[in-house]
Every structure is written in C-alpha cells, then in structure tokens.
Amino acid sequence: MVFSLPDGLPSGRFERWGSVEVWVSGELPDDVDELWVRLLGRAGVTGLYPHLCRPGSPVRPVDPGAADAVDLEGVLAADFAEYRRRRLPFWSAPASVEVPEDVEPWPHDPGPPFTRWPGLAPAVPDSGAGPTPEEAAARTVADLLCAEPYAASLALALVPARRSADVPAVAGWSRGGPLPLLGALLRSWEERFGARVVAAYGGELHVSVARPPLDPAHAELLALEHVLTTADNIVDDPPTPFLEYARELVGRTDWRFWWD
C-alpha cells in the first residue's frame, strides 16, 4: 500500500501514473456523491483528491508546477488579441451559408463585447449562504453520472495532489488546451469561484462551482476566460453566440469543457 486509504471506499487497486501511485476503484459506489463530500473535505489533510476518470486510458503526467510560471493576465491578454484578430471578420460580416429548408441556421455571433482584454472576472466572495465547494462538487458528480451515457465506464480515483486544480496535470489528462495555462486558470477559478475539478476523461473536463457569477456583466468577463481555454464546445461546436453562452453562466454551478 502506497498511502493509507480513507474509510468507506469500494474495492479498488493502486495504479502507477507516471511517478505517482493513484488509487482507482473497481466500480463506482452507489453513494459516490455522499462519499465525495467526505473525501474532498479531507483532501487538504490527506493530499488525496477524488476524481472521476476512465480507467485504462494512457496517462502522460505533466508537472503541475508549470502552472506557477504562467503569467495568467499576460497570456490571456495576448491570446485574446490573437483570437479577436482571427474571428473579427466573422463577427463583423456573417457569412451567407445555404442550409436545407428543414435545418435551422446557426445564429450570428457578434463576439465578445470587448475590443481589448478586460481583465479577469472579479472573485465572488464567500457569503456563507451558498453551497460549500464540497457540496457543489458532490452535486456536479451526481448530475454528471445521471446524464453521462458512459457513466458505467468511469471510476473513482484518489489522486495525490496539492490542490484540485492540479489533478488533470498529475493524472496526465492531455486532451484539452495547454495544461500549464489550463492549470493556472483552474487554480484561479478555485480561488475566485470555489471551483473544483471533478472529472477528466476523453476530451471532457468537468468543473464544479460553489460561487458562480450572479449578473450578466460579470458572466461576460468569465465567459471570455472560458473561450480562451480553446474548448470546442464554446468556440465551434456549435458556435454559440458569445452573449448567449455568457448568460448561461449566471448562477451555473457546473462548467463543462470539451475538446475534439
């Protein structure tokens, strides 16, 4: 045994993921959402973060410390400038595309209402009135397992990490954008919104949120950060108008990112 296991776990095994040992369940317990609250609540002490993954997937761990060197504001400002340069022609003059009569055409996307990088979305203070990060994560896990058609293929892992945001790097999940930048964003969302990574498998990343933005203007700033992850479900699949995507983030306690 590489580390002591908390009580109440289902049967499982240790696996070597790169340089670390990770415990992986044989099957998901029926009370996984209740177990999640306990495991995540103790993670600051145990150093073990609960995580949903697809067992047997190849892992290519990345040093989570690479996120320390990311100048988040500087990188996002440069990325937005380049993103706006490439997309501005589509926002300004929508292309005329013929579609069959029985197909609803995609709505025009005028793009973000910013001409330059507006800065990170302000943090939402913890008023004590909403769910805790542990409760929000457990709710996201329960909703995900109910909605995910391949939920039976997922396993519960306990990943040794300094924080929830570092789990994708430690787990070697590499189907998204650059992991150092994504790790820096996830760390920042942890601090500003009480976000926690709950799952990464295939090309999907699922994040729970305890303190989401509560007004449209705030959500627009956050939506721009989501866009700059390069996630396909935000940018191109389908091309949801930016303001529509931002409105959907108001009060939303789960964020899904998907890369092709």
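To start, this report covers the structure provided alongside it. Bear in mind the structure is a predicted one, so any value in this text is a computation, not a measurement. (Residues numbered from 1 in each chain as written. Predicted model: local features only at pLDDT ≥ 70, side-chain atom pairs only at ≥ 80, totals over all residues. Heavy atoms only, no water.)

Some thoughts on the packing of helix α5 (residues 179-193) against helix α6 (residues 216-227)
Part 1 of the argument: Direction vectors running N to C along α5 and α6 enclose 160°, while the axes themselves pass 12 Å from each other. Here α5 is positioned roughly antiparallel relative to α6, judged by the angle of their axes. Between α5 and α6 lies a crossing of left-handed hand. Contacts from Leu185, Trp189, Arg192 and Phe193 of α5 reach α6 at His218, Leu222, Glu225 and His226.
Part 2 of the argument: Of the residues assigned to the contact of α5 with α6, the class counts are 4 nonpolar, 2 polar and 2 charged. (Axes fitted to C-alpha atoms, helices over the stretch in contact; angles between N-to-C directions. Helix = DSSP H or I, 4+ residues; strand = E, 2+ residues; numbered from the N terminus. Parallel < 35°, antiparallel > 145°, perpendicular 65-115°, else oblique. Left-handed = near helix turned anticlockwise from the far one by under 90°. Contact = heavy atoms within 4.5 Å. Nonpolar A, V, L, I, M, F, W, Y, C, P; charged D, E, K, R; others polar.)

Observations regarding the pairing of strand β3 (residues 48-53)
Part 1 of the argument: Counting buried positions along β3 gives 6 out of 6 residues, so the element sits mostly inside the fold.
Part 2 of the argument: Alternating positions in β3 separate into two faces, Leu48, Pro50 and Leu52 on one and Tyr49, His51 and Cys53 on the other, with burial throughout. (Buried < 20%, exposed > 50% of the residue type's maximum accessible area, 1.4 Å probe, protein only.)

A look at empty space enclosed by the protein
Part 1 of the argument: In this structure the tally under the stated criterion is 3 cavities of 30 Å³ or more.
Part 2 of the argument: Of the voids in this model, the largest cavity is the one considered here, and its volume is about 80 Å³.
Part 3 of the argument: In terms of lining, the largest cavity is formed by 13 residues, of which the most central are Pro64, Ala67, Ala169, Leu179 and Gly183.
Part 4 of the argument: In the lining of the largest cavity, the residues fall into 10 nonpolar, 1 polar and 2 charged. (1 Å grid on protein atoms, 1.4 Å probe; cavity = no way out; pocket = protein on both sides within 12 Å on 5 of 7 lines; lining within 4 Å. Points joined across faces, edges and corners; volume = space filled by probe spheres on them.)

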